[in-house]
Amino acid sequence: MPKPPARALAAIVMAAGESKRFKTKTPKVLHDLAGRPLIAHVLSALKPLRLTKAVVVTGRGANQVEATIKDVTFARQEKQLGTADAARTGDEALGDFQGDVLVLPGDTPLVTTKTLRVLIAYHRNQKAAATILTAKLDYPTGYGRIVRTNNDVDKIVEQTDATEQQRQIKEVNGGIYVFDRAALRSALTKVERANKQKEFYLTDVIAILKEKGEKVLAKAAPDPIEILGINDRAQLALVAKLLRQRTNATLMRNGVTIVDPDFTYIDPTVKVGPDTVIHPPTFLHGATRIGEGCEIGPGARITDSRIDDGATVIFSVLDNARVGAQAQVGPYAYLRPGARLAKNAKVGTFVEVKASEVGEGSKVPHLSYIGDTVIGRDVNVGAATVTVNYDPETKIKAKTVIHDGAKIGSDTMLIAPVKVGKRAVTGAGSVVTKDVPAETVVVGNPARPLRKRKKPKGDG
Ligand code: UD1
Ligand code: CA
């Protein structure tokens, strides 16, 4: 027998609200949570669901929201008349779509793809008109309560409209639903503003569908934190903490040692290999990828960087940097965008590197600035060396090239553009204004050739 055609799925994300309780100029859904706007977490949970269409309803701060997020259709809610009006606005943007619609708020960032899949599968298997994602909370204050008769869902009552008895109910509305689109559409036309806040409540759709004799179900989230909404900044801090705990727990289960998870701040987008040890306090952000067997921290802040197997990063800040296998960074190094360390390289104490390569086995151990530079293999850069890459008159940033096996003496100023040849040596305190030939020792200010370099022992 041929399988029935799979039902299509669309989503409406409601993000037009006033954010009154947040007291903010920036729309609430754009506030940062673990390196991304709140709403980006919701959208990334939706992404694997292969939606026919994802509609984001915007209103308050619409321009800002629409400029920040991508790959969705926007629908503007002119006035913030309530969640039913938001859902209706989103529904209009679905055109002639047929199938199921996920409706969810933009301020519930802990919901997972897995839970949404379970919710959708349950809704479809049971052929329900609406299925609500719920949770039992010890402190249900602020959430809509699920009112049941016998075991069946009857309706949802909002905190402000609930009786004292209904407020005792611990089963709450997660604000996340799957609807049969046609059922949702017709129910939305019947919602009224007969409540304390004089808003159109999406939650009223539940009672409307029940009265029509439609099937309405509730499914509990496997972990109640998934439905936590962020209405104010205290809830933002709480959700951020829970998200951190979840991210750290996942990494630890996958073989990462986190010495003190309470002081380790890792965005969920970061990847870390097994047998890596992370010491507190450490901050790992964005698209950072860390290999196996690395030692990170104490005191690391690493953003959008790649660290290969066996590398160490101690008391350092890395931004858009690459660190090769077994390389060492810090203590107290600053790797700025475009810093690339090959394997076994070292960038040590009070060294800043920007848009530069440090070749295999090369070392910049102390007190240096390296910018717009290519350093070959097995180079040693002495303490307090500076690549003088910037001419304030022409505003040109010039390049420095240091070839394999060169030895840069302490306190050398390399006035770029300049090249230091293979196995060349600069004396301590030299100011290098001209290219240094290979195998040559230069000294002084401006640096001039002194002699040829001695052959290394055992080199024939
Ligand atoms: C809502 C639910 C409540 C549920 C809770 C879960 C209603 C009436 N109540 O309450 O039952 O327990 O979520 O988190 O739905 N929005 C718009 N346009 C509007 C109003 C709101 O887009 O006119 C958006 C908001 O930006 C927000 C979402 O809808 O992302 C939910 O609105 P919010 O005011 O936060 O509802 P809650 O009071 O949390
Ligand atoms: Ca909310």
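Everything below is about the structure shown above.
Reference entry: report on the structure contained in this document. Only a predicted model underlies this, so the values are computations on that prediction, with no experimental measurement involved. (Residues numbered from 1 in each chain as written. Chains lettered and ligands numbered in written order. Predicted model: local features only at pLDDT ≥ 70, side-chain atom pairs only at ≥ 80, totals over all residues. Heavy atoms only, no water.)

A look at the overall build of the protein
And step 1. When you go through the protein residue by residue, the secondary structure sums to seven helices and 44 strands.
And step 2. Taking 23 Å as the expected radius of gyration for a compact globule of 460 residues, we find that the protein reaches 30 Å, considerably beyond that expectation.
And step 3. Structurally, the protein occupies a C-alpha span of about 100 × 55 × 45 Å along its principal axes.
And step 4. Looking at the 460 residues of the protein, the share that counts as buried comes to 49%.
And step 5. With an accessible surface of roughly 22,100 Å², the protein has 52% of that area assigned to carbon and sulfur atoms. (Helix = DSSP H or I, 4+ residues; strand = E, 2+ residues; numbered from the N terminus. Rg over C-alpha atoms; globule rule 2.2 N^0.38 Å. Buried < 20%, exposed > 50% of the residue type's maximum accessible area, 1.4 Å probe, protein only. Areas by Shrake-Rupley, 256 points an atom, 1.4 Å probe, with all protein chains shown as cover.)

Structural notes on the site of ligand 1
And step 1. The environment of ligand 1 is made up of 24 residues, and the closest members are A16, Q77, T83, E158 and N173.
And step 2. Here T83 contributes a side-chain N or O atom positioned 2.7 Å from an oxygen atom of ligand 1.
And step 3. A distance of 2.6 Å is found between an oxygen atom of ligand 1 and a side-chain nitrogen or oxygen belonging to E158.
And step 4. Of the pockets mapped on this structure, ligand 1 occupies the largest pocket.
And step 5. Every element with two or more residues in the shell around ligand 1 is listed here: β1 (9–15), α3 (83–92) and β10 (171–180).
And step 6. With three residues, β10 is the largest single contributor of residues to the shell around ligand 1.
And step 7. For the shell around ligand 1, the residue count by class is eight nonpolar, twelve polar and four charged. (Near = heavy atom within 4 Å. Polar contact = N/O pair within 3.5 Å; in protein donor to acceptor, adjacent residues only side chain to side chain. 1 Å grid on protein atoms, 1.4 Å probe; cavity = no way out; pocket = protein on both sides within 12 Å on 5 of 7 lines; lining within 4 Å. Sits in = over half its atoms within 2 Å of the grid points. Nonpolar A, V, L, I, M, F, W, Y, C, P; charged D, E, K, R; others polar.)

So, helix α7 (residues 233–253)
And step 1. An ideal rise of 1.5 Å per residue puts 30 Å on 21 residues; α7 measures up with 30 Å between its terminal C-alpha atoms.
And step 2. Where α7 is concerned, the buried positions are L236, V239, A240, L242, L243, T247, N248 and L251.
And step 3. Looking at where α7 begins, the residue whose side-chain oxygen comes 3.1 Å from the main-chain nitrogen of A234 is D232.
And step 4. Looking at the residues trailing α7, positive phi occurs at G255, about 100°. (Expected span 1.5 Å × (residues − 1).)

Here's the deal with α3
And step 1. Counting buried positions along α3 yields seven of ten residues, so the element is predominantly enclosed.
And step 2. Where α3 is concerned, the buried positions are A84, D85, A86, A87, T89, G90 and D91.
And step 3. In this structure, the buried residues of α3 make contact with β1, β4 (53–58), β5 (73–76), β6 (100–105) and α5 (181–188). (Contact = heavy atoms within 4.5 Å.)

Thoughts on the coordination of the calcium ion (ligand 2)
And step 1. Looking at the calcium ion (ligand 2), the protein donor atoms are D107 (OD) and N231 (OD1), and they sit 2.4 Å from it. Separated by 124 residues along the polypeptide, D107 in the loop between β6 and α4 (113–125) and N231 in the loop between β11 (216–220) and α7 bring together distant segments of the chain.
And step 2. Residue D107 is classed as buried on the basis of its relative accessible area of 12%. (Donors = N, O, S within 2.8 Å, 3.2 Å for Na, K, Ca; no water.)

Describing the sheet that holds strand β23 (residues 322–323)
And step 1. Ordered by their spatial adjacency, nine strands build an open sheet running β14-β17-β20-β23-β26-β29-β32-β37-β40, and the pairing between neighbours is parallel. Two strands bound the open sheet, and with one partner strand each, they are β14 (271–272) and β40 (418–420).
And step 2. The sheet contact formed by strand β29 (residues 357–358) and strand β32 (residues 373–375) spans two bridges and is parallel. Bridging across to β32, V358 finds its partner in I375. (Pairing = 2+ DSSP bridges.)

Looking at the nonpolar core
And step 1. Ranked by internal contacts, the top residues of the largest apolar core, which has 46 residues, are L284, I296, I307, L318 and L335.
And step 2. Among the secondary structure elements, those contributing two or more residues to this core are β19 (300–303), β25 (333–335), β28 (351–354) and β40.
And step 3. Sequence-distant contacts of L318, that is, excluding residues within four places in its chain, are made with R301, I302, T303, S305, I307, V313, V323, V329 and L335. (Core = buried A, V, L, I, M, F, W, Y, C linked by side-chain atoms within 4.5 Å.)

Quick word on the pattern of salt bridges
And step 1. Tallied over the full model, the rule gives 14 salt bridges.
And step 2. Here D85 makes a salt bridge to R88, at a shortest N to O gap of 3.3 Å. Taken together, the residues D85 and R88, both in helix α3 and three residues apart, mark about one turn of the helix.
And step 3. On the basis of relative accessibility, which here comes to 22%, the residue R88 falls in the partly exposed class.
And step 4. Note that K354 is salt-bridged to D372, the shortest N-O span being 3.1 Å. Of the two residues, K354 sits in strand β28 while D372 sits in the loop between β31 (369–371) and β32, which places them 18 residues apart along the sequence. (Salt bridge = Lys/Arg side-chain N within 4 Å of Asp/Glu carboxyl O.)

Observations regarding the packing of α3 against α5
And step 1. It is the contact of α3 with α5, at a shortest axis distance of 10 Å, that shows an interaxial angle of 130°. What the angle tells us is that α3 and α5 run oblique. Viewed along their axes, α3 and α5 form a crossing whose handedness is left-handed. Here α3 contributes A84, A87, R88 and D91 to the contact with α5, which in turn contributes R181, R185 and L188.
And step 2. A breakdown of the residues in the contact of α3 with α5 according to their chemical character gives three nonpolar, no polar and four charged. (Axes fitted to C-alpha atoms, helices over the stretch in contact; angles between N-to-C directions. Parallel < 35°, antiparallel > 145°, perpendicular 65-115°, else oblique. Left-handed = near helix turned anticlockwise from the far one by under 90°.)

Topic: the packing of α5 against helix α6 (residues 204–211)
And step 1. Put simply, α5 and α6 touch, their axes get as near as 9 Å, and they point 105° apart. If you check the angle between α5 and α6, you find them roughly perpendicular. Taking contact as the criterion, the partners of A183, L184, A187 and L188 in α5 are, on α6, V205, I208 and L209.
And step 2. Taken together, the residues of the contact of α5 with α6 break down into seven nonpolar, no polar and no charged.

Description of unusual backbone geometry
And step 1. A cis amide bond links P280 to the next residue, P281, at an omega of -15°.
And step 2. Its place among the elements puts P281 in the loop between β15 (277–278) and β16 (282–285).
And step 3. A cis amide bond, omega 5°, links G297 with the succeeding residue P298.
And step 4. Among the secondary structure elements, P298 is positioned in the loop between β18 (295–296) and β19.
And step 5. Look at A34: it is not a glycine, yet its phi comes out positive at around 50°.
And step 6. Since its relative accessible area comes to 22%, A34 is described here as partly exposed.
And step 7. One non-glycine residue with positive phi stands out, namely K127, at about 50°.
And step 8. Looking at the secondary structure, you find K127 in the loop between α4 and β7 (130–136).
And step 9. Residue class for K127 comes out exposed when judged on its relative accessible area of 70%.

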